[in-house]
Each structure stands twice: as structure tokens, then as C-alpha cells.
Amino acid sequence: MSSRRNFLKKAGAAGALGMAGLSGCIGSIGGGEDSVTFLLTPSESDVDIKQQYQPLFEYLESEASVTVESEVAADYAAVYQAFKSGQADLADSSPTIAIQGGNEGVTEVMGIRVAYGAAKYFSLMTTTPDSGIEELTDLEGETVAFADRLSTSGSLFPLYMLKEAGLDTGSAPDGEPVDFTGQWSDHSTARETLVNRDEVVAAGTGAFSVAPHVPEDQFPQQFLDISAENDGDLGTAEPQLDLLAASDPIPRAPIIVRSELESGMKSTLTDALTSVTQDDLINEDLGEDQQLWFTGVEPGTVEDYEPIQNVIDTLGITLGQ
């Protein structure tokens, strides 16, 4: 276990888009032909993701006759390094990792996670009611908080919305924007930074992190029609946040598999994963607000993420650099 943890720490230090090779990684953490390693990346800093995923691990062990080992990566960059180095077999991934992995033949999409029947979700740009910010162009010269640099809903789509509004995003997310200052962390930290630090006047996050803080009447109809976050909780959480912009619908995040995993095991795991039900994913030891955010997995391929590829191209991002 110690070599695995050291690897993940080193991978995290490689930087969000800096995919330089790492040293000191030995062996396979899968541990054998009937053992697979599932790598996790927390999207919320205040959630025990291993506990959340335990029911899924137990389900896969039962349905696919494997032993599942798990580890938590520092960030999305560490996830990709682990796959490139043969240190992971499965992962809950961002679409950007799936796209890069597909382009380079390192990973394949096993399935797309679904939340309460919705296979798409939204990125939101929010501000505080007293910030004086009324539209995205008002963010010129200001400080904006984001999630992980590779996060689709917490970085790429917010940057895309800012660029479409006419702001110069510079070399972000790999580098720094020109027309505003960016701070990257995770979804919940970005939200809390917006609330608690006066110099931060807006945040770009997934809707799951901030939607309950935004009054229902501020959302566009498209969001209300298809977002799983429209579950009766909109505008019920304190403190209130105001909506600056909502993205177009985004394909939900995938679960990916190492391309070189033995084909029979890969097929068995994929069949099991895409048959999982909401009941299979419930951890009875956790409260309702601590459960996994997804309720199933539908079949998918990397081609499902073409809308995200368009955002990557628009921002001028070269994955892997």
C-alpha cells in the first residue's frame, strides 16, 4: 500500500495538466488476475468517497467475481498518470480524462453515470447577492474560484462561458487567464471561498454544488426541465447565491477502464456496471446527503463526449501538455 500512496502523492504533484512521466512506481496495485484497482477522485472535499463507493465495490465483486481494491487520487492528473503507468484498472473520471485516454489508447469508457434518470448535467457561474456582479463581463479584473483545473463542470465549462462572453481566458486552465484572476481547488471549496472571501466575487462549479443556494426563478427553463438538481431543493440552502450563467447540458462523467485490461474481465465488469441499480448503490451507514450522486450507469463511448471536445478545442487546450 505504501508504494501506491507514494505514487499518488507524486502524481498529484505533477500538476493539473502537466502529464510528465513519474518515477518510483512499481508493480500492479491490482494484485492478480482476479483483482482490479478502482481509483477515486473526490469531487467534494467534505465527502468520504470511499464509503460512498463501497456498495458499488461490493456489487462488482459479487457480479463480476473480482476483488476490488480502491485508492483515492490527489486530482484528475494523478488519475491519468495512474492509468498510463498501469497502476489503475477502473476509475470514476472526468470526461477530459476519458477524451485524452481515448485519443491515446490508454482508457475506454465503460459507461456514463446517470443521476435520477438524467445523463446530462450543468455547470453554473454564481456570485453573492451583494457582489455588484450582474453579468459575466463584470468579472473583468476580478477573482473567480473554480474546481479542479481538469474538472469539466468546475473549470472547463466556466472558462468556456467566460470566453464566449468576451473575456480573455489566456492559457487557463493550464496557465493563467488574462482578464481575471483564477483560483482552482474543488467544487465545495470554490463555493465556500465565494461565500467567505471578499476578494472572490464569482465561482464556477458543477450545479450539484451550488444549485440549492440559487432561487428557482433564476434558472433557465432547460435546466428546470432536465437537471437532476431540480428536485425541490432549489433556493432552499443558505446563504443565497445568484446565478450569473448556466451552461448547455453536459454529458455526465464516465467510469473508465484501462484499455489493456484482459478483454474477458473488461466485458464482465462493463456488463455488471451498466446493470447496476440505485438500490445497489445505497450505503445504509451514510445519511441521505452523503450517498453517491449517481443512481445508475448507462452504456457509452468516448464519442458521447464530443460537446466537451468542442469546449476543449475552443479554449485551445492540448490535453497531455
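Since we're looking at a predicted model, the values are computed, not measured.

**Observations concerning the environment of Leu-261**
With respect to the secondary-structure elements, Leu-261 resides in the loop between strand E12 (254-258) and helix H9 (263-273). Judged by relative accessible area, which is 8%, Leu-261 ranks as buried. Separated by 225 residues in sequence, Leu-261 and Val-36 place their C-alpha atoms 9.2 Å apart. Contact partners of Leu-261, with chain neighbours within four places excluded, come to Asp-89, Lys-266 and Leu-269.

**Here's the deal with the nonpolar core**
Residues Met-125, Leu-136, Leu-139 and Leu-162 are the most contacted members of the largest nonpolar core, which totals 47 residues. At the level of secondary structure, the elements contributing two or more residues to this core comprise helix H3 (76-84), helix H4 (95-104), strand E4 (107-114), strand E7 (143-146), helix H5 (152-164), strand E9 (200-206), strand E10 (242-246) and helix H10 (306-315). For this core, the two domains that each supply at least three residues are domain 1 (35-117 + 252-315) and domain 2 (120-250). With 26 residues, the next largest nonpolar core counts Val-36, Met-110, Leu-261 and Ala-272 among its residues.

**Structural notes on the pairing of E7**
Here E7 shows a buried face lined by Thr-143 and Ala-145 and a second buried face lined by Val-144 and Phe-146. One ladder, built from four bridges, connects E7 with strand E8 (residues 181-184); its direction is parallel. Bridging from a neighbouring strand, Ala-145 pairs with Gln-183 of E8. Considered for its hand, the β-α-β crossover made up of E7, H5 and E8 is right-handed. Relative to E9, E7 is paired through four bridges, and the arrangement is parallel.

**What about the packing of H4 against H10?**
The N-to-C vectors of H4 and H10 enclose an angle of 90 degrees; their axes lie 10 Å apart at closest approach. Taken together, the axes of H4 and H10 are roughly perpendicular relative to one another. Residue-level contacts link Pro-95, Thr-96, Ile-99 and Asn-103 of H4 to Ile-308, Gln-309 and Ile-312 of H10. Its residues assigned to classes, the contact of H4 with H10 comprises four nonpolar, three polar and no charged.

**Overview of the pattern of salt bridges**
Opposite charge on two side chains permits pairing when their charged atoms draw close. Tallied over the full model, the rule gives six salt bridges. The partner of Arg-258 in a salt bridge is Asp-89, with the nearest N and O atoms 2.7 Å apart. Separated by 169 residues along the polypeptide, Arg-258 in strand E12 and Asp-89 in the loop between H3 and strand E3 (90-92) bring together distant segments of the chain. Accessibility assignment for this pair places Arg-258 and Asp-89 in one class, buried.

**Regarding the confidence of the model for the protein chain**
With 88% of its residues at a pLDDT of 70 or more, the protein chain has an overall mean of 87. In this model, residues 1-32 is a region of pLDDT below 50 whose contacts with residues beyond four sequence positions or in other chains number 66 contacts.

**Some thoughts on the side chain of Asp-179**
Mapped onto the fold, Asp-179 is located in the loop between H5 and E8. For the buried Asp-179, no salt bridge exists, and the shortest N-O distance to an oppositely charged side chain is 9.3 Å, to Lys-163. A polar atom in the side chain of Asp-179 sits 2.7 Å from the backbone nitrogen of Asp-168. Contacts of Asp-179, omitting those with residues within four sequence positions, involve Leu-139, Glu-140, Gly-141, Glu-142, Gly-166, Leu-167 and Asp-168.

**As for helix H6 (residues 187-196)**
Residues His-187, Ser-188, Ala-190, Arg-191, Thr-193 and Leu-194 constitute the buried set of H6. Looking at the packing, one finds that the buried side of H6 touches strand E6 (123-127), E7, H5, E8, E9 and helix H7 (207-210).

**Concerning the packing of aromatic side chains**
Counted under the stated rule, the structure contains 10 aromatic pairs. Note on Tyr-53 and Phe-294: the rings are 5.8 Å apart at their centroids and 55 degrees apart in plane angle, and the pair reads as tilted. Taken together, the residues Tyr-53 in helix H2 (residues 49-64) and Phe-294 in the loop between H9 and strand E13 (296-298) connect sequence positions 241 residues apart. Each member of the pair, Tyr-53 as well as Phe-294, is classed as buried. Cluster of aromatic residues (ring-pair linked, three or more members): Phe-38, Tyr-53, Phe-57, Trp-293 and Phe-294. Sitting over the face of the ring of Trp-184, Arg-149 holds its NZ or CZ atom 4.0 Å from the ring centroid.

**What to know about the sheet that holds E10**
Taken together, the five strands give an open sheet; going across it, the order is E8-E7-E9-E6-E10, and neighbouring strands pair in mixed fashion. On the outer flanks of this sheet lie E8 and E10, each paired with one strand and no other. Across this sheet, the average inter-strand angle for adjacent strands is 25 degrees, counted without regard to direction. With respect to the sheet, H5 is in contact with E6, E7, E8, E9 and E10, its orientation differing from that of E9 by roughly 120 degrees. H6 rests against E6, E7, E8 and E9 of the sheet, and its axis sits at about 155 degrees to E9.

Rules and cut-offs
Residues numbered from 1 in each chain as written. Predicted model: local features only at pLDDT ≥ 70, side-chain atom pairs only at ≥ 80, totals over all residues. Heavy atoms only, no water. Helix = DSSP H or I, 4+ residues; strand = E, 2+ residues; numbered from the N terminus. Buried < 20%, exposed > 50% of the residue type's maximum accessible area, 1.4 Å probe, protein only. Contact = heavy atoms within 4.5 Å. Core = buried A, V, L, I, M, F, W, Y, C linked by side-chain atoms within 4.5 Å. Domains from an automatic or database assignment. Pairing = 2+ DSSP bridges. Right-handed = clockwise from strand over helix to strand, strands pointing away. Axes fitted to C-alpha atoms, helices over the stretch in contact; angles between N-to-C directions. Parallel < 35°, antiparallel > 145°, perpendicular 65-115°, else oblique. Nonpolar A, V, L, I, M, F, W, Y, C, P; charged D, E, K, R; others polar. Salt bridge = Lys/Arg side-chain N within 4 Å of Asp/Glu carboxyl O. pLDDT = per-residue confidence, 0-100. Lys, Arg positive; Asp, Glu negative; His and termini not counted. Polar contact = N/O pair within 3.5 Å; in protein donor to acceptor, adjacent residues only side chain to side chain. Phe/Tyr/Trp six-rings, centres within 6.5 Å; stacked < 30°, edge-to-face > 60°. Lys NZ or Arg CZ within 6 Å of the ring centre and 35° of its normal.

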